[in-house]
Amino acid sequence: MSKPLILVTNDDGVTAPGIQALTEVAKEFGDVVVVAPDKPQSGMGHAITINATLRVQELKSKNNVPVYSTTGTPVDCVKLAVNEILDRKPDLILSGINHGTNASINVIYSGTMSAAIEGCLEGIPSIGFSLSNHSIDADFTSAKHYAKKIVPKILENGLEKGVCLNINIPDMGINEIAGIKVCRQANANWIEEFDRREDPSGRPYYWLTGHFENYDEKDDTDISALEQNYVSIVPVQYDLTAYSSLKKLSKLDF
C-alpha cells in the first residue's frame, strides 16, 4: 500500500524555518508535498485571490520532497494543491509551524489556521501548529517533538467531520513542557490602537498597534494551558452558527 500523502503549507512563506521543521516531521509519516506562499501572509485569515492571477513555481526539491511556491494566500495554496498540483487527495494537511501563537481569538485572523480550516472544508484531516515565538531564529525542537506525537495519532484515528485542530506549543525546552491539554478557545481579544503619522505631503497614514487582553480567568482554555507550560489542542469547526440563539431568534416577529 502507498504511504499517506501529507500536504504541508503555512502563512510565513515557503522559506520560513517553521515550515522546514514541520516538513521534517511529516517525512517520518508519509509522502510529503509542500505548497506554500512565496512571501509572508500572516493575518490573511481565510482570504482567497479572485481579482489577480495565481502563479505556481516548482522549486528545487529538498530531501526528495517536492516544493511549490505560489503567489496566493494560505487558503489559495490548499485549493491549488488539492485541485491542481497533487495527483491524489492528501490524507492529512499540516499547516505551520507558525512563528507566533495562534491561541484564542488569533484563530480568526490566522492564515496558518485558515489553511487548516480549508483542508477541513475539503474533508481532509487538518492540523495547524504554532510556536509561541515570533523570531525567525526560534528553536523548533520542542514543537517538532510534540508534532511527532500528534501526527501519527491523527493519521490513525482521523478527525470528526467538520473539525480541525489548533495546536499551540509554549516556547521552552522539551523537559520544561508539562504535557498536552485538550481545551477550549479562551475568550480574549486584541484592543486595537492606530499610530497616526503623516507622509512628506502632509497626508495621514496609520500603523496598526494594540495589545492582547484575556477576559477568561478559567483554567480550561488554550491561554491557560500555555501559561501552565502545556501544549494546547483546541478542536476548531468551520460551522459558525450560534446554535444557542436559534430558538430565541426564531421567536422574534421579523
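Residues numbered from 1 in each chain as written. Predicted model: local features only at pLDDT ≥ 70, side-chain atom pairs only at ≥ 80, totals over all residues. Heavy atoms only, no water.

Regarding the packing of helix α1 (residues 17-27) against helix α5 (residues 141-157)
For the record, the criterion: To obtain an axis, a line is fitted to C-alpha atoms, over the contacting stretch when the element is a helix, and the angle between two such axes runs from 0 to 180 degrees between their N-to-C directions. By definition, any uninterrupted DSSP run of H or I lasting at least four residues is a helix, any uninterrupted run of E lasting at least two residues is a strand, and each is numbered from the N terminus. For classification, angles of less than 35 degrees are called roughly parallel, those exceeding 145 degrees roughly antiparallel, those between 65 and 115 degrees roughly perpendicular, and all remaining angles oblique. By definition, any crossing whose near helix is turned counterclockwise from its far helix by less than a right angle is left-handed, and any crossing with a clockwise turn is right-handed. Throughout, a residue-residue contact means that at least one pair of heavy atoms, one from each residue, lies within 4.5 Å. Each residue is assigned to one of three groups, with Ala, Val, Leu, Ile, Met, Phe, Trp, Tyr, Cys and Pro labelled nonpolar, Asp, Glu, Lys and Arg labelled charged, and all others, Gly among them, labelled polar.
Look at α1 against α5: their axes get within 10 Å of each other, and the N-to-C directions meet at 40°. In terms of orientation, α1 and α5 fall into the oblique class. In the packing of α1 onto α5, the handedness of the crossing is right-handed. For the pair α1 and α5, contact is made by Ala21, Glu24 and Val25 and by Lys144, Ala147, Lys148 and Val151, respectively. Residue composition of the contact of α1 with α5, by class: four nonpolar, no polar and three charged.

Considerations on the side chain of threonine 9
Convention followed: In this scheme, a residue with accessible area under 20% of its type's maximum is buried, one over 50% is exposed, and one in between is partly exposed, where area comes from a 1.4 Å probe on protein chains only. By the criterion applied in these results, polar contacts are pairs of N or O atoms within 3.5 Å in which, for protein atoms, one can donate a hydrogen and the other can accept it, and in which residues neighboring in sequence qualify only through two side-chain atoms.
Relative to the elements of secondary structure, threonine 9 occurs in strand β1 (residues 5-9). Residue classification places threonine 9 among the buried residues on the basis of a relative accessible area of 0%. There is a polar contact of 2.7 Å between the side chain of threonine 9 and the backbone oxygen of valine 35. Setting aside chain neighbours within four positions, we find threonine 9 in contact with Ile19, Val35, Ala36, Pro37, Pro74, Cys77, Val78, Leu94, Ser95, Gly96 and Ala115.

Some remarks on α1
Listed as buried for α1 are Gly18, Ile19, Ala21, Leu22, Thr23, Val25 and Ala26. Buried residues along α1 sit against β1, β2 (31-37), β4 (65-70), β5 (92-99), β6 (126-131) and α5.

Details of the sheet that holds β2
We count it as follows: Pairs of strands are assigned from DSSP output, requiring at least two bridges between the strands.
If you trace the nine strands from one edge of the open sheet to the other, you get β3-β4-β2-β1-β5-β6-β7-β11-β8, paired in mixed fashion. In this open sheet, the two strands that pair with only one neighbour each are β3 (56-62) and β8 (179-182). Mean inter-strand twist for the sheet, computed between neighbouring axes without regard to direction, equals 20°. As defined by bridge partners, β1 adjoins β5 across four bridges and the pair is classed as parallel. Note that in β5 the partner of leucine 7 across the bridge is isoleucine 93. Running at roughly 135° to β2, helix α2 (residues 74-85) makes contact with β1, β2, β3, β4 and β5 of the sheet. Across the face of the sheet, α5 comes into contact with β1, β5, β6, β7 (163-169), β8 and β11 (230-237) while running at roughly 170° to β6.

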